[in-house]
Amino acid sequence: MLSIKGASSLGTTVSCYKSSETQRRPLSSTHALLFQRRVVRIPVVCCVAGKRGGALIDTNKNSNGNGNMGSTKSDADVAAAGGGQEDPYGEDRATEEQGVTPWTVSVASGYNLLRDPHHNKGLAFSEKERDAHYLRGLLPPTVVNQELQERKIMNNLRQYNLPLHRYIAMMDLQAQNERLFYKVFIDNVEELLPVVYTPTVGEACQKYGSIFRHPQGLYISLKDKGKILDLLRNWPEKTIQVIVVTDGERILGLGDLGCQGMGIPVGKLALYTALGGVRPSACLPITIDVGTNNEKLLNDEFYIGLRQRRATGKEYDELLSEFMSAVKQNYGEKVLIQFEDFANHNAFDLLAKYSKTHLVFNDDIQGTASVVLAGLIAALKQVEGTLAEHTFLFLGAGEAGTGIAELIALEMSKQTNAPLEECRKKIWLVDSKGLIVASRKGSLQHFKQPWAHEHEPVNTLLDAVQSIKPTVLIGTSGVGRTFTKEVVEAMASFNKKPVIFSLSNPTSHSECTAEEAYNWSEGRAIFASGSPFDPVDYEGKTFVPGQANNAYIFPGLGLGLVISGAIRVHEDMLLAASEALAEQATQENFDKGSIFPPFKNIRKISAHIAAKVAAKVYDLGLASRLPRPDDLVKYAESCMYSPAYRNYR
């Protein structure tokens with residue numbers, strides 16, 4: 001039971017105790033109103049069994065009474081695991097399941113509890129919980145477990161014919177019952193990943209205004225200049241460890257979607273939790289709305305963003321500068337800020353500007369590069385030879401293309417001790433104007449200039465393939481069907497096993513399909529794509545194409561940065577993540593035609609990536625969480641969020 005003294009005054013003291021049925025007395029009408037009709041914010045200063053606000057939740061049991069699944073750890077447990085020094089403000093413990101309940105911030109019971117997605121369990125509330133928290137009569141009489149709820153959700157999802165309808169249903173579930181959403185997602189990750197994220201999220205962003213039902217994340221616009229810190233303080237969660245932010249200018253391969261790009265941060269952070277185990281309340285999706293140049297959206301009556309052309313130059317820079325300063329002021333130095341789907345001209349500048357002062361990461365540049373490098377390391381186990389013994393040709397010289405190329409060169413330099421400039425000469429890029437060569441250097445954007453090598457001008461991809469004779473062909477152009485039959489056949493003509501990565505998203509923008517790659521190469525291609533493709537049968541053999549999905553990398557990378565208390569992202573951490581992922585690919589995967597491990601093991605994969613990244617953070621002296629844990633894999637696993645229901649008492 002809960003006793004409240006001086007509830008109308010500041011500095012309220014809440015004393016918590018468990019009362020037997022014989023000690024129970026009816027609430028006064030005032031208290032009944034307090035519990036059933038209002039959410040009353042109360043400064044909680046009590047401790048129960050060493051846990052802050054432990055009046056409602058039983059942190060020693062999950063809904064099945066099988067223990068806490070390693071999700072709730074005492075201070076002694078953390079110390080034993082090597083988790084570091086005591087953290088009185090909770091800044092370093094965002095991945096850990098705390099004894100936090102509705103009572104620690106607000107009194108939420110009855111009708112309000114059923115509408116709180118963080119604590120709602122729907123029909124899984126037990127008989128005792130329904131009595132204790134004024135739910136009797138607000139739910140049908142049956143009580144079900146989380147597993148039955150999951151089966152019902154999956155059965156309903158499979159009735160939909162359109163992926164977008166499944167996406168909307170999943171977002172509705174997330175808004176109603178957070179733990180059930182993640183339980184369903186984690187247990188069915190291979191089936192639901194294309195629904196929650198690419199390729200379906202692209203269509204969702206295009207239609208975001210029409211399907212908008214409830215706000216997700218934080219919206220910051222030009223109208224909020226000078227008040228961004230106040231906006232951040234409006235967000236209910238105060239301990240944030242991962243922010244994904246976009247300005248919506250380059251959403252996947254779909255272009256400028258303005259404010260409707262919010263689907264990307266929301267989806268990315270769902271993956272941080274489901275795949276990487278970062279606690280959902282520690283994640284914050286943000287869209288910075290500076291307008292849009294998309295005329296279709298500006299004329300759409302359902303568009304949810306600013307109806308103006310995009311701000312650029314000083315106005316844009318000042319807003320981003322205020323945002324970055326406000327984040328650091330409000331959440332501290334160790335919050336990871338992931339830049340997502342910014343246009344090339346801003347993406348590179350933002351990463352260069354803030355990488356020295358903030359913990360920042362660009363998934364389009366660095367995450368894509370890391371997962372592709374992992375795929376290449378795995379592919380070389382089949383085609384033999386080192387990175388330096390291969391020649392690489394890219395179609396596309398934007399964020400993804402140049403980011404991948406740079407990370408390949410860095411790994412090549414690390415393996416051979418050769419200068420980075422020499423390693424870059426093994427890598428060629430083709431943009432919309434043809435092969436990037438030295439004679440074009442004066443007109444190239446700064447991020448393309450390192451790839452301008454001595455060679456005669458070449459106008460087409462096919463001519464570049466025939467001239468350069470690459471062993472690896474990588475597509476990041478965002479233009480569909482550009483790896484034509486002639487291009488693939490040319491690759492197969494001088495490579496026993498041509499490596500072909502068609503990475504552009506969504507599926508319609510993929511440079512070629514898996515079926516085309518296998519058929520045109522006579523079944524010899526080592527293929528990977530950015531979007532998922534179905535298995536392909538070729539002359540009696542079934543190929544299961546690998547997906548070079550950034551979701552392999554960024555959740556584990558983020559978890560590793562958080563559990564080590566990293567203060568900066570270093571390129572060696574990206575290389576460590578690539579190597580960790582490549583290690584998880586097995587001969588069984590290779591025999592099926594895939595160079596990546598199956599997504600069904602993604603949480604195990606993420607734990608290993610997190611451990612390798614955290615180890616590199618400690619080795620580089622960039623960790624703030626000391627001492628270093630003895631077993632980083634076990635520690636990463638122990639910090640992962642579990643979606644199992646908690647028992648309320």
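Owing to the predicted nature of the structure, the values given are computational and were not obtained by experimental measurement.

J.: Tell me about helix α20 (residues 461–468), and name the residues and values.
T.: Every α-helix carries 3.6 residues per turn, so stepping three or four residues along brings you back to the same face. Those residues of α20 that fall on the buried side of the exposure criterion are Leu461, Ala464, Val465 and Ile468. Across the axial projection of α20, the buried residues extend over an arc of 100°, all falling on one side. On the buried face of α20, the contacting elements are β13 (392–395), β14 (427–431), β15 (434–435), β16 (472–475) and α21 (485–494). Directly beyond the C-terminal end of α20, a positive phi value near 55° is found at Lys469.

J.: Before we move on, could you go through the sheet that holds β14 and cite the residues and values that matter?
T.: Consider a sheet: its strands pair through backbone hydrogen bonds, and that pairing is either parallel or antiparallel. Spatially, the seven strands line up as an open sheet ordered β15-β14-β13-β16-β17-β18-β21, and their pairing is mixed. Two strands bound the open sheet, and with one partner strand each, they are β15 and β21 (546–547). In this structure, strand β18 (residues 526–529) lies alongside β21, joined through two bridges in parallel fashion. Among the inter-strand pairings, Ser529 is bridged to a residue of β21, identified as Gln547.

J.: Provide a residue-level description of the pattern of salt bridges, including the pertinent values.
T.: Applying the stated criterion across every chain, the model contains 30 salt bridges. As a salt-bridge pair, Asp131 and Arg136 come within 3.2 Å of each other at their nearest N and O atoms. Relative accessible area serves as the criterion here: at 44%, Asp131 is assigned to the partly exposed category. As a salt-bridge pair, Glu318 and Lys314 come within 3.8 Å of each other at their nearest N and O atoms. Here Glu318 and its partner Lys314 are both found in helix α15 (residues 313–331), four residues apart, which amounts to about one turn of the helix. Here Glu318 falls in the partly exposed class, since its relative accessible area comes to 32%.

J.: Break down the UniProt feature "active site" (unreviewed entry) in the protein for me, citing the residues and quoting the values.
T.: As recorded in UniProt, the feature "active site" (unreviewed entry) lies at Tyr197 and Lys268. A maximum C-alpha distance of 7.4 Å among these annotated residues, which run over 72 residues, shows that they cluster at one spot. Inspection of the secondary structure assignment puts Tyr197 in the loop between α9 (189–196) and α10 (200–206). Residue Tyr197 is classed as buried on the basis of its relative accessible area, which comes to 4%. The residues contacting Tyr197, other than those within four sequence positions of it, are Ile264, Gly267, Lys268, Leu271 and Glu340.

Conventions used here
- Residues numbered from 1 in each chain as written.
- Predicted model: local features only at pLDDT ≥ 70, side-chain atom pairs only at ≥ 80, totals over all residues.
- Heavy atoms only, no water.
- Buried < 20%, exposed > 50% of the residue type's maximum accessible area, 1.4 Å probe, protein only.
- Helix = DSSP H or I, 4+ residues; strand = E, 2+ residues; numbered from the N terminus.
- Arc of directions from axis to C-beta.
- Contact = heavy atoms within 4.5 Å.
- Pairing = 2+ DSSP bridges.
- Salt bridge = Lys/Arg side-chain N within 4 Å of Asp/Glu carboxyl O.
- UniProt positions renumbered as here; feature names shortened; annotations may be inferred.

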